[in-house]
Amino acid sequence: MQMRDELGTFYKDEDFAHLYPRRGQSAAAPWRLALITILQFVENLSDRQAAEAVRARIDWKYALSMELTDTGFDYSVLSEFRHRLLAGKSEHYLLDAMVRCFTERKLIKDRGKQRTDSTHVLAVVRDLTRVEHIGETLRHALNELAIVAPEWLVQHVPQTWYDRYGKRFEESRLPRLIAERETLTTAIGTDGFQLLDRIYQPDTPSLVQLSTAVELLRQVWLQQFYAPNEKVQLREAKDSPPGALRIRSVYDMEARHSIKRSTEWTGYKVHLTETCDSESPRLITNTETTEATTQDQSVVKNIHKALKRKGMLPKQHIVDQGYMSAHLIATSQQEYEVELLGPVAMDVRWQAKAGEGFSLSDFQVNWKRKTVRCPRGKRSHLWKPGQDSFGNPIIHVEFRKPDCAKCPVRSQCTRSVTQPRGITLKAQEDYEALRMARTRQQTDSFKQEYAIRSGVEGSLSQGIRAFHLRSCRYIGLAKARLQHIMTAAALNVVRAVAWLEGIPLAKTRQSHFARLNPSLPDLQSEPVTTPA
């Protein structure tokens, strides 16, 4: 009730008007469906349970401005509303409108501080072994063809296939011996190639050839098997496609397998960005959902672009090292006037590690003359622009061979016996940004500013434990993104209400011994209040 009294309803019908036709049966009020969707995630309800809450609960009727005698609607209306949001590419409005409301009520500080972190998300699919994966792929194709072209399929399927592919592979007893498993794998691979050969014959109906399940079968067989010669063989790891391209499940083609330190999962990755100004509630301003194999660095530009569209760009954006790069530090400041704050990777070359050699910082760069002087005063003779593997501009610099050959401290500069010293520079803006960042992160002031980033771990924890952030409800990247937007909006409702009720932020948990350390900062986490 306090949410309605203090914050209003967040949404308006006209903002969803483009999702509905002008003629036809009248629909339930879109603003009400949007708010029901958020309340549904606040309390972690299914569509049926949410529809029942609308019909039977007084507090929901009050928040939704409904008469007590209103009988509600069928639960399928909620699924239809989500489908309309995705079809109209308007899912972001659920969070954007709420953030705009918070900004108008001064709950979010203009050009303040924000922080971002990510966590893995599990797709709604089983983790299958390689044998189960290829077997289930072929079984899925046969099931789809049995629907679109049953007569054609019956004519080309041997009787033995009904026993082998009649039920799910994870429900079957797979052979325990390695040799027997290899025999089964070869048989499945042979069956798949045999089916594909028959499908792509000239007399095969186009309805069969254009089936999405057939295309999926073709891609999986291309990824898992070598081209058939005398014997069908599985690809070795060195010949397999990268994880970003490899299909892991026929039931969710966008789910990818990834490993981060000791965590291994199949699914996606979600990035939460939240405010972290003192004396203000911690509110989610943006979510980004990506494939599991997407690097954190590649998301930073999308986050800043989305925040700019909302008018929510922070003055300081605090992230961990995974989001940091010299190019991002420079471009964030130039394009968005955002200070990207976080630790950067130190120089890992052996000269810098040993502490006795001449590292990159010991060379003097003259950007106007496009030359570099070594610590012994010798000038470079080669300045060659290029690009690194990520497409960022770099400059390759080399010194003259005679100069390096006569140098008395050559062993401290290069280990090559025949080649002169060569160094790789980033573009000037990136080079200067990285040099300043490496110097800054050694200071105490940086450590104090960066300490606030740890609070985002509490947000991820609350999202995972209270709102099931890490488990997909739906299949596919687009639906996973919609789920995370609705979860972020639900988190904001709980936090805003807790702030209005005066519930303080919880202290970060520490051991009794750690609390005795006077040098530790007084960290705070997120509100302990969770939905009932």
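Residues numbered from 1 in each chain as written. Predicted model: local features only at pLDDT ≥ 70, side-chain atom pairs only at ≥ 80, totals over all residues. Heavy atoms only, no water.

Considering the overall build of the protein chain
Within the protein chain, the secondary structure is distributed over 20 helices and 13 strands. Summarising its shape, the C-alpha atoms of the protein chain cover approximately 85 × 75 × 55 Å along the three principal directions. Within the span of the protein chain, comprising 532 residues, buried residues form 46% of the whole. Intrachain contacts of the protein chain at a sequence separation of at least 6 include 66% that bridge at least 24 residues. Accessible surface, the protein chain: about 29,000 Å² in total, of which carbon and sulfur atoms supply 50%. (Helix = DSSP H or I, 4+ residues; strand = E, 2+ residues; numbered from the N terminus. Buried < 20%, exposed > 50% of the residue type's maximum accessible area, 1.4 Å probe, protein only. Contact = heavy atoms within 4.5 Å. Areas by Shrake-Rupley, 256 points an atom, 1.4 Å probe, with all protein chains shown as cover.)

Observations regarding a nonpolar patch on the surface
Together, Ile147, Val148 and Leu207 line one region of the surface with nonpolar side chains, adding up to about 290 Å² of accessible area. Within the secondary structure, Leu207 is located in helix α11 (residues 206-209). (Patch = residues over 30% accessible without salt bridge, like charges linked within 9 Å, V, L, I, M, F, W, Y side chains within 5 Å. Salt bridge = Lys/Arg side-chain N within 4 Å of Asp/Glu carboxyl O.)

A word on the pattern of salt bridges
Proximity of charged atoms lets side chains of opposite charge pair with each other. Enumeration according to the criterion identifies 21 salt bridges in this entry. In this structure, Arg84 engages Glu80 in a salt bridge whose closest nitrogen and oxygen atoms are separated by 2.8 Å. Highlighted residues: Arg84 and Glu80, both in helix α5 (residues 76-87), separated by 4 residues, approximately one helical turn. Relative accessible area serves as the criterion here: at 39%, Glu80 is assigned to the partly exposed category. Three or more residues are tied together by salt bridges with common partners; here these are Glu43, Arg57 and Asp59.

What to know about the nonpolar core
Grouped together as the largest cluster of nonpolar side chains are 73 residues, with contacts concentrated most on Met3, Phe10, Tyr11, Phe16, Trp60, Leu94 and Phe102. The element that contributes the greatest number of residues to this core is helix α20 (residues 477-500), accounting for 13 residues. In contact with Met3, not counting residues within four places along its chain, are Gly8, Phe10, Leu35, Leu39, Ala63, Val493 and Val497. In this structure, Ala141, Leu174, Phe193 and Leu217 belong to the second largest nonpolar core, which totals 31 residues. (Core = buried A, V, L, I, M, F, W, Y, C linked by side-chain atoms within 4.5 Å.)

Considerations on the state of the cysteines
Counted under the stated rule, the structure contains 0 disulfides. Counting only cysteine sulfurs, Cys407 is the nearest neighbor of Cys374, a cysteine outside any disulfide, at a range of 6.3 Å. Free cysteine Cys413: the closest other cysteine sulfur is in Cys404, separated by 6.2 Å. Residue classification places Cys413 among the buried positions, given a relative accessible area of 12%. (Disulfide = S-S within 2.5 Å.)

Comments concerning unusual backbone geometry
Comment: phi is negative for the bulk of residues other than glycine, and the bulk of peptide bonds are trans. The backbone phi angle of Asn44 is positive, close to 55°, even though this residue is not glycine. Its place among the elements puts Asn44 in the loop between α2 (30-42) and α3 (47-56). Asn44 sits in the partly exposed class, given a relative accessible area of 33%. Despite not being glycine, His468 has its phi angle at roughly 55°, a positive value.

Overview of the pairing of strand β10 (residues 393-398)
Two faces belong to every sheet, and in a regular strand the side chains alternate between them. Note that strand β9 (residues 382-387) and β10 share 6 bridges and pair antiparallel. Paired with Leu382 across the strands is Glu398, a residue of β10. Counting the residues that bridge the hairpin from β9 to β10 gives 5 residues, and of these Gly391 lies at a positive phi of roughly 85°. Looking at chain direction, β10 and strand β11 (residues 422-426) are connected through 5 bridges and run antiparallel. Considered in β11, the bridge of Ile394 is made with Lys426. (Pairing = 2+ DSSP bridges.)

Let's talk about the pairing of strand β3 (residues 263-275)
Counting buried residues in β3 gives 11 out of 13 residues, a clear majority hidden from the surface. One ladder, built from 5 bridges, connects strand β2 (residues 256-260) with β3; its direction is antiparallel. In the sheet register, Lys260 faces β3, and the bridge partner there is Thr263. Adjacent in sequence and paired antiparallel, β2 and β3 are bridged by 2 residues, among which Arg261 carries a positive phi angle near 55°. Across 7 bridges, the pairing between β3 and strand β4 (residues 284-291) is antiparallel. When the sheet's bridge partners are listed, Lys269 is paired in β4 with Thr290.

Overview of the packing of aromatic side chains
All chains considered together, the criterion is met by 14 aromatic pairs. A ring pair is formed by Phe193 and Phe225, whose centres lie 5.9 Å apart and whose planes are at 70°; its orientation type is edge-to-face. Residue Phe193 is found in helix α10 (residues 178-199), and its partner Phe225 is found in the loop between α12 (212-224) and β2; the two are separated by 32 residues along the sequence. Among the residues examined, Phe193 registers a relative accessible area of 16% and is labelled buried. Ring centres 5.2 Å apart and planes at 40° place the aromatic pair Trp221 and Phe225 in the tilted group. With a relative accessible area of 2%, Phe225 lands in the buried category. Cluster of aromatic residues (ring-pair linked, three or more members): Phe10, Tyr11, Phe16, Phe81, Tyr93 and Phe102. It is Arg415 that lies over the ring of Trp350; its NZ or CZ is 4.2 Å from the centre. Arg473 extends its terminal NZ or CZ atom over the ring of Phe41, reaching a point 4.4 Å from the ring centre. (Phe/Tyr/Trp six-rings, centres within 6.5 Å; stacked < 30°, edge-to-face > 60°. Lys NZ or Arg CZ within 6 Å of the ring centre and 35° of its normal.)

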